Amino acid sequence: MAERTATEGEFDYIVVGAGSAGCVLANRLSADPSKRVLVLEAGGRDNWIWFHIPVGYLFAIGNPRADWLMKTEAELGLNGRSLSYPRGKVLGGSSAINGMIYMLGQATDYDQWRQLGLPGWSWDDVRPMFRKHVDHFMSDGHAAGGEWRVEPPRLTWEILDAFKAAAVQYGIPTVNDFNTGDNEGVCYFHVNQKFGRRWSAARGFLKPVLHRKNLQVESGCMVEGLVFDGRRASGVRWRQNGEARSARCRGEVILSAGAINSPHLLMLSGVGPAAHLAQHGIPVVLDKPGVGQNLHDHLQLRMIYKVSGVKTLNESYASLVQRVGMGLDYVLRRRGPMTMAPSQLGVFTRSDPTQDRANIQYHVQPLSLDKFGEPLHPFPAFTASVANLRPTSRGALTLKSADPSVLPAIAPNYLSTPEDRRVAADSIRVTRKIVAQPALRKYAPTENLPGTQARDDDEAALEKAAGDIGTTIFHPVGTARMGRDDDARAVVDARLRVIGLQGLRVIDASVMPSITSGNTNSPTIMIAEKGAAMILEDGKR
């Protein structure tokens, strides 16, 4: 084996992954000039125009320049289909290619974390962490001046206004902010943009501090494993431009590579289910059966309706003249369709009256396509994508090989519980009831997917339809979950320290014990904010 090139000196902190969480950690941990911080990112720099123009997600997802091009295993609940599983391959991680939606979740999400025996994670505990870094356009209930910019959408669509009116006619209240702790209602999403440009975690947290002499950020680094001295993490090994490199750490190594890559790296380093590691010839540092388990995600059912007599992005984008107009509108005013998040209108409601709070979320879009990364449909249409906010199905992430370059097996196990299948069927019924309201009638909406052959009175047909059209909405969490020290399946404790090891934390979406009720990017950034504060507090003891 070739000898590794050692990075000069030791670091106080080594952060693996410069995605949403890693950018926050880089900012906060390097604020003390006496602390030396190394950040390793496997992806590249964000020097491509489509990382910054909001509509660029159409070109980034599925593109090897921006996306790791992961796939799930064939899913029984999805009728044998394998899904593309986009993950950002760039500084800023998935915040550089995601939907830009600012969503905190529901207060009860975090209160339930606290009830699991995790002190410091209730809604009242985490709310100040969200406020610490936000720069919100609304003064009521939010803060200003932080790194995480939030703005209203910069265009409207008649078809979305009509869907909003239909939701109100169905009985869903109109609200002006989803981020009060109770997100039930219908409202236009608030987005992470600044003057019509995507505001990624790299732009907000990392780039403003790159001048710090104590901060070293390296891109194109394929981390191959952690170095341990006994039960203490003491360094990191990686490959960069074909060269084997390593660095020592006198303080803490922090994994912030996301819900797929952080548990993958733990297992490659000998931390995970012992029998599984032995199958791949990996020496066991610590038998940790929970690593890679508890994988869950929001499964979206993308219901598509053809319409007439109203403009959608489908036919607008198909016109060269209109595309030129969109470009000019963006260049001159930073407005128009090029400022669009993938979804503009949101709805949170209940799939049936027995639910004690909103349990389904809609992302409503003035467009349709088979999947992101593929062309828009040639006919005018809108998409009402509905997701179960709190799925009970749990999957797993496992190794395919001890070779770090081989992606792990991703098996979310979607729709594997009766409860999830029932919520999916009810979600289709609710969508049809909303679309049938008078506000949409003049546009003659016709269900294109899943199609009326799946009748409301046929539960089995609706469940099959959900399996046919269901796809990830890119929110994997839980694969290195928080728990008490006496919880054999927990990976990290309430302070995000890997239980049973020293000098090692996981700080990203993988630590969520259960998924938040909404988009997960801003909760991940909150976790990083809180995790950084914990590291700094513990460092003073």
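Heads up: these notes are all about the structure in this document. Fair warning: this is a prediction, and the values are worked out from it, not measured in the lab. (Residues numbered from 1 in each chain as written. Predicted model: local features only at pLDDT ≥ 70, side-chain atom pairs only at ≥ 80, totals over all residues. Heavy atoms only, no water.)

## What about the overall build of the protein?
Part 1 of the reasoning: The helix and strand inventory of the protein stands at 14 helices and 25 strands.
Part 2 of the reasoning: In summary, the protein has a C-alpha radius of gyration of 23 Å against a globular reference of 24 Å for 541 residues, a match within 12%.
Part 3 of the reasoning: Counting only C-alpha atoms and orienting by the principal axes, one finds that the protein spans roughly 70 × 50 × 45 Å.
Part 4 of the reasoning: Counting only residues that meet the buried cut, the protein has 63% of its 541 residues in that class.
Part 5 of the reasoning: Pairs at least 24 residues apart make up 70% of the contacts formed inside the protein by residues separated by at least 6 positions.
Part 6 of the reasoning: Between the averaged position of the 63 positive side-chain charges in the protein and that of its 55 negative side-chain charges there is a distance of 4 Å. (Helix = DSSP H or I, 4+ residues; strand = E, 2+ residues; numbered from the N terminus. Rg over C-alpha atoms; globule rule 2.2 N^0.38 Å. Buried < 20%, exposed > 50% of the residue type's maximum accessible area, 1.4 Å probe, protein only. Contact = heavy atoms within 4.5 Å. Lys, Arg positive; Asp, Glu negative; His and termini not counted. Charge placed at Lys NZ, Arg CZ, Asp CG, Glu CD.)

## Some details on the sheet that holds strand β16 (residues 293–295)
Part 1 of the reasoning: Taken together, the 3 strands give an open sheet; going across it, the order is β16-β21-β22, and neighbouring strands pair in antiparallel fashion. The sheet is open, and its two borders are formed by β16 and β22 (409–411), each paired with just one other strand. If you compare each strand with its neighbour and ignore which way they point, the axes differ by 30 degrees on average.
Part 2 of the reasoning: In terms of strand pairing, β16 meets strand β21 (residues 395–398) through 2 bridges, oriented antiparallel. Its bridge partner being in β21, Gln-293 is matched across the sheet by Ala-396.
Part 3 of the reasoning: In the packing of helix α7 (residues 258–268) onto the sheet, the strands contacted are β21 and β22, and the crossing angle to β21 comes to about 50 degrees. (Pairing = 2+ DSSP bridges. Axes fitted to C-alpha atoms, helices over the stretch in contact; angles between N-to-C directions.)

## With respect to the nonpolar core
Part 1 of the reasoning: In terms of nonpolar packing, the biggest core is built from 159 residues, with Trp-121, Phe-163 and Leu-504 touching the most fellow members.
Part 2 of the reasoning: Setting aside residues up to four positions removed in sequence, Phe-163 forms contacts with Leu-345, Val-347, Val-364, Phe-382, Ala-384, Ile-434, Val-435 and Leu-440. (Core = buried A, V, L, I, M, F, W, Y, C linked by side-chain atoms within 4.5 Å.)

## Focus on the layout of surface pockets
Part 1 of the reasoning: Of the volumes computed, that of the second largest pocket is approximately 500 Å³.
Part 2 of the reasoning: Lining the second largest pocket are 28 residues, and of these Ser-84, Asp-370, Lys-371, Phe-372 and Thr-471 sit closest to its centre.
Part 3 of the reasoning: If you list the elements that add at least two residues to the lining of the second largest pocket, you get β3 (70–71), β4 (84–85), β17 (299–306), α13 (459–469) and β24 (470–472).
Part 4 of the reasoning: In the lining of the second largest pocket, the residues fall into 12 nonpolar, 8 polar and 8 charged. (1 Å grid on protein atoms, 1.4 Å probe; cavity = no way out; pocket = protein on both sides within 12 Å on 5 of 7 lines; lining within 4 Å. Points joined across faces, edges and corners; volume = space filled by probe spheres on them. Nonpolar A, V, L, I, M, F, W, Y, C, P; charged D, E, K, R; others polar.)

## Quick look at the packing of aromatic side chains
Part 1 of the reasoning: For the structure on display, the rule yields 12 aromatic pairs.
Part 2 of the reasoning: When the ring of Phe-163 is compared with that of Phe-382, the centres are 5.9 Å apart and the planes differ by 70 degrees; the resulting orientation is edge-to-face. Taken together, the residues Phe-163 in helix α5 (residues 158–170) and Phe-382 in strand β20 (residues 381–388) connect sequence positions 219 residues apart.
Part 3 of the reasoning: Since its relative accessible area comes to 1%, Phe-163 is described here as buried.
Part 4 of the reasoning: The ring of Trp-68 is capped by Lys-89, whose NZ or CZ atom sits 4.9 Å from the centre of that ring.
Part 5 of the reasoning: Taking the ring centre of Phe-379 as reference, the NZ or CZ of Lys-306 above it sits at 4.6 Å. (Phe/Tyr/Trp six-rings, centres within 6.5 Å; stacked < 30°, edge-to-face > 60°. Lys NZ or Arg CZ within 6 Å of the ring centre and 35° of its normal.)

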